[in-house]
Amino acid sequence: MGRYVSSHRQYLMRTVLMIVVNIALMLPVMSASAADEADTEQYAKEIAVMVNEARAANGLPPMYISPYLMDVAHLRASESVILIDDKHHRPDGSKWSTAIDRNIAPYIYAAENLAAAGTTPTAVMAQWQASPRHWAAILSTSPTHMGVGVVYDPASRYRWYWILDMIQYSGEGGVMEGQYIPQKYEIVPKSCGDINGDGVVDTFDYVNLTVYLEKQAAGEPVSYNDLQMEAADCLKDGQVTVADAKALQRYLLGEYTALPYEF
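Residues numbered from 1 in each chain as written. Predicted model: local features only at pLDDT ≥ 70, side-chain atom pairs only at ≥ 80, totals over all residues. Heavy atoms only, no water.

Overview of the pattern of salt bridges
Test applied: What makes a salt bridge here is a side-chain nitrogen of Lys or Arg within 4 Å of a carboxyl oxygen of Asp or Glu, nothing more. Note on conventions: DSSP H or I runs of at least 4 residues are helices, E runs of at least 2 residues are strands, and numbering of each starts at the N terminus. Only protein chains enter the accessibility calculation, which uses a 1.4 Å probe; a residue is then buried when its area is under 20% of its type maximum, exposed when over 50%, and partly exposed in between.
Following the criterion strictly, the structure yields four salt bridges and no others. Glu-79 serves as the salt-bridge partner of Arg-76, at 2.9 Å between the closest nitrogen and oxygen. Remark: Glu-79 and Arg-76 occur in helix H4 (residues 67-82); sequence separation between them is three residues, near one turn of the helix. Just as Arg-76 is buried, Glu-79 falls in that class too. A salt bridge links Arg-90 to Glu-79; the nearest nitrogen and oxygen atoms lie 2.7 Å apart. Of the two residues, Arg-90 sits in the loop between H4 and strand E3 (107-116) while Glu-79 sits in helix H4, which places them 11 residues apart along the sequence. By relative accessible area, which is 14% here, Arg-90 ends up buried. Here the salt bridges do not stand alone but share partners, grouping Arg-76, Glu-79, Arg-90 and Glu-112 into one network.

Now the structure itself:
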């Protein structure tokens, strides 16, 4: 028993555990109707991408997204609706880091950034950048993995709650299950007209574009990323309209020999 306690103490001495907590409170600027339509999962992905962009700009390696840590961050964002304090306590009074099961995600460093009331990923990142403690956590050399959680609760005090949880994973092999580097664009067109990003300009792209235009005309939620918008602009006039769909159709029928079509 004494030998076990001694070994355990030596392990604890070797393990440097740093718990960093940061909170940013921001004034809401988005209307309730716009907030209701916001995609919180997409917002979480955007935060992760911007975090790694900031790290790359400072010569740091990217952090991996961990599906498990994404769940933890969402839980923490939900808990922040109930309780926010400067120590990041959970509603039961325990430390925020207890939300991480160390049997699943052993770590030797953990940090959490929290923002309340910010209504867009860009606004939240700007607030974190303006805070030395928040930005230092994002640009720390320690974390290897992260999770991002975003919760919108219109009946709560701040309405918006954003969590960025970061750890230095110490598990065997250094690889967490399902880890991946978040990408800014899930769909990357290879050429003009290749709207779905499969590398081929075909009828699937034409159908994709017509559905987009129909939903847009009906006021239904629909979106293309920046690269898709560029690929869909078959006339290169700076806008995506029915005329672009007609140009794509004529290309598929062999009436146009190349895209973009130039008059």
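Some words on the packing of helix H7 (residues 203-218) against helix H9 (residues 242-252)
Worth spelling out the cut-off: Fitted lines through C-alpha atoms serve as axes, helices being fitted only where they are in contact, and the angles separating the N-to-C directions of these axes extend from 0 to 180 degrees. Between 65 and 115 degrees an angle is taken as roughly perpendicular, under 35 as roughly parallel, over 145 as roughly antiparallel, and anywhere else as oblique. Each crossing is labelled by how the near helix is turned from the far one, with a counterclockwise turn of less than a right angle marking it left-handed and a clockwise turn marking it right-handed. Two residues form a contact once any of their heavy atoms are found within 4.5 Å. Residue classes follow a fixed rule: Ala, Val, Leu, Ile, Met, Phe, Trp, Tyr, Cys and Pro count as nonpolar, while Asp, Glu, Lys and Arg count as charged, and any other residue, Gly among them, counts as polar.
Where H7 contacts H9, the two axes come as close as 10 Å, and the packing angle between them is 165°. The pairing of H7 with H9 is recorded here as roughly antiparallel in orientation. Viewed along their axes, H7 and H9 form a crossing whose handedness is left-handed. Of H9, the residues touching H7 (which contributes Thr-203, Asp-205, Tyr-206, Leu-209, Thr-210 and Leu-213) are Val-242, Asp-244, Ala-245, Leu-248, Gln-249 and Leu-252. When grouped by side-chain class, the residues that make up the contact of H7 with H9 number seven nonpolar, three polar and two charged.

As for H9
Here is the rule: The arc in question is formed by the directions pointing from the helix axis toward the C-beta atoms.
Among the residues making up H9, those that are buried are Asp-244, Ala-245, Ala-247 and Leu-248. One side of H9 carries all its buried residues, which in axial view fall inside an arc of 160°. Buried-residue contacts for H9 involve H7 and helix H8 (226-232).

Some remarks on the state of the cysteines
As a reminder, the rule being used: Cysteine sulfurs are considered disulfide-paired once they come within 2.5 Å of each other.
If you walk through the whole model with that rule in mind, you get zero disulfides. Not engaged in a disulfide, the cysteine Cys-234 finds its nearest cysteine sulfur in Cys-192; these two sulfurs lie 4.4 Å apart.

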